[in-house]
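# Summary of structural features
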Amino acid sequence: MLKIIDLTTGYGPVEVLHDVNLDFKDSRIVTVLGANGAGKSTLIKTISGILKPWKGSILFDGKDISRMSTSQIAKMGIVHVPEGRHIFPNLTVRENLLLGGYFRSDKENKETLDQVLKLFPALKERINQKGGNLSGGEQQMLAIARGLMAKPRLLLLDEPSLGLAPILVSEIFQTVKSLAQQEGVQVLLVEQNARKALDISDTGYVMVLGRIVLSGTSDELRENPEVRKLYLGGQ
Ligand code: ATP
């Protein structure tokens, strides 16, 4: 379970996150909403260890992971699926997937591959094709599926809906939801697509200029007039 306490960090001399607090409690899926530049990716990068905190702590199952290396954090079961897919275009779908489980045994990877392909049947059909030949939506699925090959306990998803057609966004979000429900994976979802993200989340946080300004259950946030005006198109 993830708990972030008074987290402050930034780039060079510039402070970007200011005293951020976030607590998963019993939530399966938690969304962080915020406009461009609010600091959502910075938050995810700090949890996965790419960026070090200046102040504060990040607890995972009660253990402070904030000073651990990225590989130690990955081995604890925290997997980061970055914004923009980053799949290997010249490798096949199978090769891309196996890279996600690089620190696990061949036997473990074979079992996990079968499970992951059940969740993403479109990838199964294209298992021997080059990653670069997949559509944008399929590449996003491949990026998430590759993250799952590491058997994460916590999946950090940075803008999985970016640049995708609405129908594909719904498909990806439904897969994320079933992952959380059936596989027991916890998911931290960072999104500009507020409506779809809140639909599958238990709780949410709103980030403005590196600060958490609001938090609550997804229902509470959906009903909140400010959230409706700023993130749900006033509906
Ligand atoms: P987006 O959805 O546009 O990615 P975001 O909420 O994820 O937005 P961040 O990418 O975390 O926002 O950026 C937060 C702030 O940090 C912005 O002002 C951005 O310019 C700055 N920033 C991000 N990456 C770097 C970097 N590598 N070096 C310096 N400043 C950065």
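Structure report, in brief. (Residues numbered from 1 in each chain as written. Predicted model: local features only at pLDDT ≥ 70, side-chain atom pairs only at ≥ 80, totals over all residues. Heavy atoms only, no water.)

Near the ligand there are 13 residues, and of these Asn36, Gly37, Gly39, Ser41 and Thr42 occur at the shortest range. Within the backbone of Ala38, an N or O atom sits 3.1 Å from an oxygen atom of the ligand. Contacts to the ligand include Ser41, whose side-chain N or O atom sits 2.8 Å from an oxygen atom. Protein coverage of the free-state accessible area of the ligand, which is 630 Å², stands at 59%. For the shell around the ligand, the element with the most residues is helix H1 (residues 40-47), which contributes three residues. (Near = heavy atom within 4 Å. Polar contact = N/O pair within 3.5 Å; in protein donor to acceptor, adjacent residues only side chain to side chain. Areas by Shrake-Rupley, 256 points an atom, 1.4 Å probe, with all protein chains shown as cover. Helix = DSSP H or I, 4+ residues; strand = E, 2+ residues; numbered from the N terminus.)

Reading across the sheet, the six strands line up as E6-E7-E8-E3-E9-E10 and stay open at both edges, with mixed pairing between neighbours. The two strands at the open ends of the sheet, each matched to only one other strand, are strand E6 (78-81) and strand E10 (211-217). Geometrically, the sheet is characterised by an average inter-axis angle of 15° between neighbouring strands, direction not taken into account. Of the strand pairs in this sheet, strand E3 (residues 29-33) and strand E8 (residues 186-191) are connected by five bridges, and their pairing is parallel. (Pairing = 2+ DSSP bridges. Axes fitted to C-alpha atoms, helices over the stretch in contact; angles between N-to-C directions.)

By secondary structure assignment, the location of Thr217 is in strand E10. Owing to a relative accessible area of 33%, Thr217 belongs among the partly exposed residues under this scheme. Once the C-alpha coordinates of Thr217 and Leu43 are considered, the two residues, 174 residues apart in sequence, prove to be 20 Å apart. Leaving out residues up to four positions away in the same chain, Thr217 has contacts with Asp202 and Thr203. (Buried < 20%, exposed > 50% of the residue type's maximum accessible area, 1.4 Å probe, protein only. Contact = heavy atoms within 4.5 Å.)

Next up on the list: the sheet that holds strand E4 (residues 55-60). The strands making up a sheet associate through hydrogen bonds between their backbones, and the pairing can be parallel or antiparallel. Read from one edge of the open sheet, four strands run E2-E1-E4-E5, paired in antiparallel fashion. On the outer flanks of this sheet lie strand E2 (14-23) and strand E5 (63-64), each paired with one strand and no other. Bridge analysis of strand E1 (residues 2-11) against E2 gives six bridges, and the strand direction is antiparallel. Along E2, the bridge assignment pairs Thr9 with Leu17. H1 rests against E1, E2 and E4 of the sheet, and its axis sits at about 110° to E1.

At their nearest, the axes of helix H6 (residues 136-148) and helix H7 (residues 166-183) sit 10 Å apart, and the two run at 15° to each other. Put simply, H6 runs roughly parallel to H7. Pair H6 / H7 crosses with right-handed handedness. Contacts from Gly137, Gln140, Met141, Ile144 and Leu148 in H6 reach Leu168, Glu171, Ile172 and Leu179 in H7. Within the contact of H6 with H7, the residues separate by chemical class into six nonpolar, two polar and one charged. (Parallel < 35°, antiparallel > 145°, perpendicular 65-115°, else oblique. Left-handed = near helix turned anticlockwise from the far one by under 90°. Nonpolar A, V, L, I, M, F, W, Y, C, P; charged D, E, K, R; others polar.)

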